[in-house]
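Tertiary structure, described
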Amino acid sequence: MSSPHLTRRTLLLAGLGLAGSGALAACSRTATPLGGAIGPVPSASPAPGQRLVTAALTPKPTTLDLAGTSVQTWAYGDAAPGQLIRAAAGDFLRVTVDNQLPVDTSVHWHGVRLRNAADGVPGVTQDPIKPGTQYVYEFTVPDPGTYFFHPHSGVQLDRGLYAPLIIDDPQEPGAYDAEWVVVLDDWIDGTGTTPDEVLKKLLADGGSMGGMSGNGGMDHGSMGHGTTGSGMMGGASTSSSGAMMMGPSPWGDGGDVTYPHFLVNGRVPADPETFTAKPGQRVRIRVINAASDTLFSVALGGHRLTVTHTDGHPVRPTDAGAFWIGMGERYDVVVTLGDGAFPLVAQPYGKTGRAMAIVRTGAGAAPTADAKPSELDGDVLVGSTLQPADAVRLPERTPDTTLDLTLNGQMQPYAWGINGAPFGKNTPLTATAGRRLRIQVANQTMMTHPLHLHGPAFALADSGLRKDTVLLAPMESRAIDLDPDAGDWAVHCHNIYHAEAGMMTLLKATA
């Protein structure tokens, strides 16, 4: 279903289908009641006059074609990414999940501010969705932005179980001619191993450090194998524009898993997605990093990009040749296109290979699979240096409560945790709903971690930038502010292997 609010511009979604059907013409911005009990999501209905958008997801085993190589995996339907779901801010979303997998699953609506009962975390906000059963998620989508959805069950994200969720702003002027959705991924499933086997190998050494063990995770005991990195930290500097200079290892280790493929919209560089437009057109590109273990730097060869949003929230427009995007992050950029054929490249940090698509506006040979935009060799924008748009600033308040959160762990033995213990053994953070909470976050490891908080977006205390996922470099500390909604909210590293090995806790906010 294409959005009625976007008819004045062309939506070029590069093969990503639109899902959902609308009813009840008007839109309401009233949020649904909060809830938090384990079990089925409480019955909910759209408010009078609120538009209903429905969609269906079928997680199932399937076979994908990666440039002639067939891989067995799990996906929503028969494609990865799965079918795009699109709605407008204020709509009521009803999604029916028909689990045709051989195992339990769930769906987390990453970055969406919703009622706790619909957050999709088994053992916390719901029971897992059993094989052969259906489950209905119902919630209002109050905020426009670029989001995505994926399981919160074991390492299922590192298969093909992810898809974009775009929430349009009915008030946005739409000062661009076309829109592209770009989903990045690292891929290992069906290439002689599976994500569960990858995790199992990583955990094989077991052991403990500082009260931590290599057990626990996002769904209590999922199994899971791979190649580890060295965990060494390098140096970097930041320019006055907020761009990180490409020194040796600016983010520490490049991840834990060696991937044979990196994808743009489910396709490898040997068989790239091609986006088409006309020279001089302005295009909005929504970039989603759905990878499980890979940080990317992104550039469009021969072009400068204007970053307009991060994690769905508007920022002061910022010019960049390239930008970093961590696992779970999203960035919207606007670009005025030149004439020709250009490589859109996502370069994995600390790893061999690349993800690539082609942007074509005119004649000329297509970029080769190993094309590397020169922009990747210059300053690369660090998203946490962006400044928020005034309209989305968190109102200034003195924190009512200040809590500490430390990220702990190491590679050998493979053990990760928060506040000195893995999930299930660490003590949840506690706060009062609606009261200002400051969390002092300290990364005490030699690896970069994309920290993701479920529930309302937080603000970086030093700038007010609104985010739901923030990259923390080795040994970096940062304060974040939020006004939590009532419920039990997951807080975890969005490296799926770190989370499943224990780098997760809960924020329990009581009314």
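Everything below is about the structure shown above.
So, here is what we can say about the structure in this document. Quantities reported herein were computed from a predicted structural model and do not represent experimental measurements.

A closer look at empty space enclosed by the protein
As a volume, the largest cavity reaches approximately 110 Å³. Lining the largest cavity are 15 residues, with Asp253, Gly255, Leu295, Met327 and Thr448 positioned closest to its centre. Of the residues that constitute the lining of the largest cavity, the class distribution is 7 nonpolar, 6 polar and 2 charged. Taken as a whole, the second largest cavity encloses approximately 40 Å³ of empty space. Lining the second largest cavity are Trp251, Glu329, Tyr331, Val382, Gly383, Ser384, Lys467, Val470 and Leu471. Classifying every residue of the lining of the second largest cavity gives 5 nonpolar, 2 polar and 2 charged.

Here's the deal with the layout of surface pockets
Looking at the largest pocket, its volume works out to about 380 Å³. Looking at the largest pocket, it is lined by 21 residues, and the ones nearest its centre are Asp143, Pro144, His313, Pro314 and Val392. Elements with a contribution of two residues or more to the lining of the largest pocket: β11 (145-150), β12 (163-168), β20 (282-289) and β23 (313-320). Here the residues of the lining of the largest pocket are counted per class, giving 7 nonpolar, 6 polar and 8 charged.

Looking at the packing of aromatic side chains
Going through the model one piece at a time under the given rule, you end up with 12 aromatic pairs. A ring pair is formed by tyrosine 76 and phenylalanine 149, whose centres lie 5.8 Å apart and whose planes are at 45 degrees; its orientation type is tilted. Here phenylalanine 149 lies in strand β11 and tyrosine 76 lies in strand β6 (residues 69-76), a separation of 73 residues in the sequence. Comparing tyrosine 76 with phenylalanine 149 shows no difference in burial state: the two are buried. With 4.8 Å between their ring centres and 55 degrees between their planes, tyrosine 135 and tyrosine 137 make a pair best called tilted. On the basis of relative accessibility, which here comes to 9%, the residue tyrosine 135 falls in the buried class. Through successive ring pairs, a cluster of aromatic residues spans Tyr76, Trp109, Tyr135, Tyr137, Phe139 and Phe149. Above the face of the tryptophan 74 ring, arginine 159 is positioned so that its terminal group lies 3.7 Å from the ring centre.

Considering the nonpolar core
If you look at the biggest cluster of nonpolar residues, it comprises 116 residues, and the most contacted ones within it are Trp109 and Tyr497. If you tally residues by element for this core, the top one is strand β13 (residues 178-187), at 7 residues. Within the second largest apolar cluster, 15 residues are counted, among which are Ala299, Leu376, Leu471 and Ala473.

A few points about the environment of arginine 435
Position of arginine 435 among the secondary structure elements: in the loop between β31 (429-432) and β32 (437-443). Look at arginine 435 and you get partly exposed, because its relative accessible area is 43%. When the C-alpha atoms of arginine 435 and alanine 509 are compared, they prove to be 9.5 Å apart, with 74 residues separating the residues in sequence. If we ignore the near neighbours within four places in the chain, the residues touching arginine 435 are Arg397, Asp400, Leu482, Asp483 and Pro484. At a separation of 3.2 Å, a polar atom in the side chain of arginine 435 contacts the side chain of aspartate 400.

As for the side chain of threonine 448
With respect to the helices and strands, the residue threonine 448 is situated in the loop between β32 and β33 (449-453). Residue threonine 448 is classed as buried on the basis of its relative accessible area, which comes to 10%. A polar atom in the side chain of threonine 448 sits 2.6 Å from the backbone oxygen of tryptophan 251.

What about the sheet that holds strand β36 (residues 469-472)?
Across the sheet, 5 strands lie side by side as β31-β39-β38-β33-β36; this open sheet has mixed pairing. Strands with a single pairing partner mark the edges of an open sheet, and in this sheet they are β31 and β36. Sheet twist, expressed as the mean angle between neighbouring strand axes with direction ignored, is 20 degrees. Across 3 bridges, β33 lies against strand β38 (residues 487-493) in antiparallel orientation. Within β38, the residue paired with histidine 452 across the bridge is histidine 492.

How each quantity is defined
Residues numbered from 1 in each chain as written. Predicted model: local features only at pLDDT ≥ 70, side-chain atom pairs only at ≥ 80, totals over all residues. Heavy atoms only, no water. 1 Å grid on protein atoms, 1.4 Å probe; cavity = no way out; pocket = protein on both sides within 12 Å on 5 of 7 lines; lining within 4 Å. Points joined across faces, edges and corners; volume = space filled by probe spheres on them. Nonpolar A, V, L, I, M, F, W, Y, C, P; charged D, E, K, R; others polar. Helix = DSSP H or I, 4+ residues; strand = E, 2+ residues; numbered from the N terminus. Phe/Tyr/Trp six-rings, centres within 6.5 Å; stacked < 30°, edge-to-face > 60°. Buried < 20%, exposed > 50% of the residue type's maximum accessible area, 1.4 Å probe, protein only. Lys NZ or Arg CZ within 6 Å of the ring centre and 35° of its normal. Core = buried A, V, L, I, M, F, W, Y, C linked by side-chain atoms within 4.5 Å. Contact = heavy atoms within 4.5 Å. Polar contact = N/O pair within 3.5 Å; in protein donor to acceptor, adjacent residues only side chain to side chain. Pairing = 2+ DSSP bridges. Axes fitted to C-alpha atoms, helices over the stretch in contact; angles between N-to-C directions.

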